Amino acid sequence: MILFHKSFRFILLADLLFFLCILCGSRFAYPDSDSWLSGLFFDKLYVCLLAPVFMSANAAIDNSLNIYQLHRAKSRLAFLEIGILQKYLYAFVYMSLFFILIFPGLTYFFPGDNISAGSILTYFFPFLWGLFMLINLADIIKLWSKNIPPTAACAISYGLMLSEMMILIPETNRSLPVTLCLVFGWTFHTGIKSFLIQLILLFLSWIPLYFGTIRKDWFH
């Protein structure tokens, strides 16, 4: 697995430094713990900072998968599962590292403030789900397009998130009485109803992945 290669440790170290810069930079922008946390969970920080850095590493994982690993896999579907498992695992490590650093940052920057851990962790699974959807969408694009490289598929997937969050939702909010969430807008919703919708969307995204894997000629 690419996650256990020595070279991947540099990616994790870069992630660590990146998160520390975000936490420290946010401290100068927000005067109290509530606004600091709100800034960290702000949709624009997730979309403009967390997601593109993650997708850059995701593209590196995709590029590491090659025809030799396909031959060692039992089937094309198994090859797909191996690749997505690695990317899901990295998404979990990436998001876990970000959230773990929030707690000592909160204690250091705002000593004496009592913030419920549950209120912070409420955002963990929606944020992780958003990365899973980016992964699946990039693989769907790669499977159903002709000879599109993994890096381009990741860029298109991220571009679709950016378009929904920065163009579609703000524009519809100006003209409609409700927020129109297609896919990635659900990343910033919490609660049982939103959680069920996220699970359904994740399940639905596996349907084109499955059929795309069956039809894809991996050997050419």
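Let us look at the structure shown here. It should be emphasised that the depicted structure is a prediction, and the values quoted were computed from it without experimental measurement.

### Here's the deal with a nonpolar patch on the surface
So, point 1. On the surface, Trp-144, Ile-200, Phe-203, Leu-204, Ile-207, Tyr-210, Phe-211 and Ile-214 cluster together into a nonpolar patch covering about 830 Å² of accessible area.
So, point 2. For the nonpolar patch, the element with the most residues is helix 9 (residues 192-215), which contributes seven residues.
So, point 3. Following the sequence through the fold, Ile-214 ends up in helix 9.

### Considerations on the nonpolar core
Soluble, globular proteins show a tendency: their nonpolar side chains are buried together.
So, point 1. Membership of the largest hydrophobic core comes to 57 residues, with the highest contact counts inside it found for Met-95, Phe-98 and Ile-102.
So, point 2. Mapped by element, the contributors of at least two residues to this core are helix 1 (6-29), helix 2 (33-40), helix 3 (43-64), helix 5 (76-109), helix 7 (124-144), helix 8 (150-175) and helix 9.
So, point 3. Among the elements that line this core, the one with the most residues is helix 5, at 13 residues.

### Quick word on the environment of Ile-11
So, point 1. In this fold, Ile-11 is placed in helix 1.
So, point 2. For the pair Ile-11 and Ala-60, spaced 49 residues apart in sequence, the C-alpha separation works out to 9.9 Å.
So, point 3. Beyond its immediate chain neighbours, meaning those up to four positions away, Ile-11 contacts Ala-57 and Tyr-90.

### Topic: the side chain of Asn-58
So, point 1. Assignment of secondary structure puts Asn-58 in helix 3.
So, point 2. Contacts of Asn-58, omitting those with residues within four sequence positions, involve Lys-87, Ile-135 and Cys-154.

### Some details on the packing of aromatic side chains
So, point 1. Per the counting criterion, the structure on display carries 24 aromatic pairs.
So, point 2. A centroid spacing of 5.7 Å and a plane angle of 75° characterise the contact between Trp-36 and Phe-109, whose relative ring orientation is edge-to-face. Taken together, the positions of Trp-36 in helix 2 and Phe-109 in helix 5 put the pair 73 residues apart, joining distant regions of the chain. Each member of the pair, Trp-36 as well as Phe-109, is classed as buried.
So, point 3. With 4.0 Å between their ring centres and 25° between their planes, Tyr-88 and Phe-132 make a pair best called stacked. Residue Tyr-88 is found in helix 5, and its partner Phe-132 is found in helix 7; the two are separated by 44 residues along the sequence.

Scoring rules and cut-offs
Residues numbered from 1 in each chain as written. Predicted model: local features only at pLDDT ≥ 70, side-chain atom pairs only at ≥ 80, totals over all residues. Heavy atoms only, no water. Patch = residues over 30% accessible without salt bridge, like charges linked within 9 Å, V, L, I, M, F, W, Y side chains within 5 Å. Areas by Shrake-Rupley, 256 points an atom, 1.4 Å probe, with all protein chains shown as cover. Salt bridge = Lys/Arg side-chain N within 4 Å of Asp/Glu carboxyl O. Helix = DSSP H or I, 4+ residues; strand = E, 2+ residues; numbered from the N terminus. Core = buried A, V, L, I, M, F, W, Y, C linked by side-chain atoms within 4.5 Å. Buried < 20%, exposed > 50% of the residue type's maximum accessible area, 1.4 Å probe, protein only. Contact = heavy atoms within 4.5 Å. Phe/Tyr/Trp six-rings, centres within 6.5 Å; stacked < 30°, edge-to-face > 60°.

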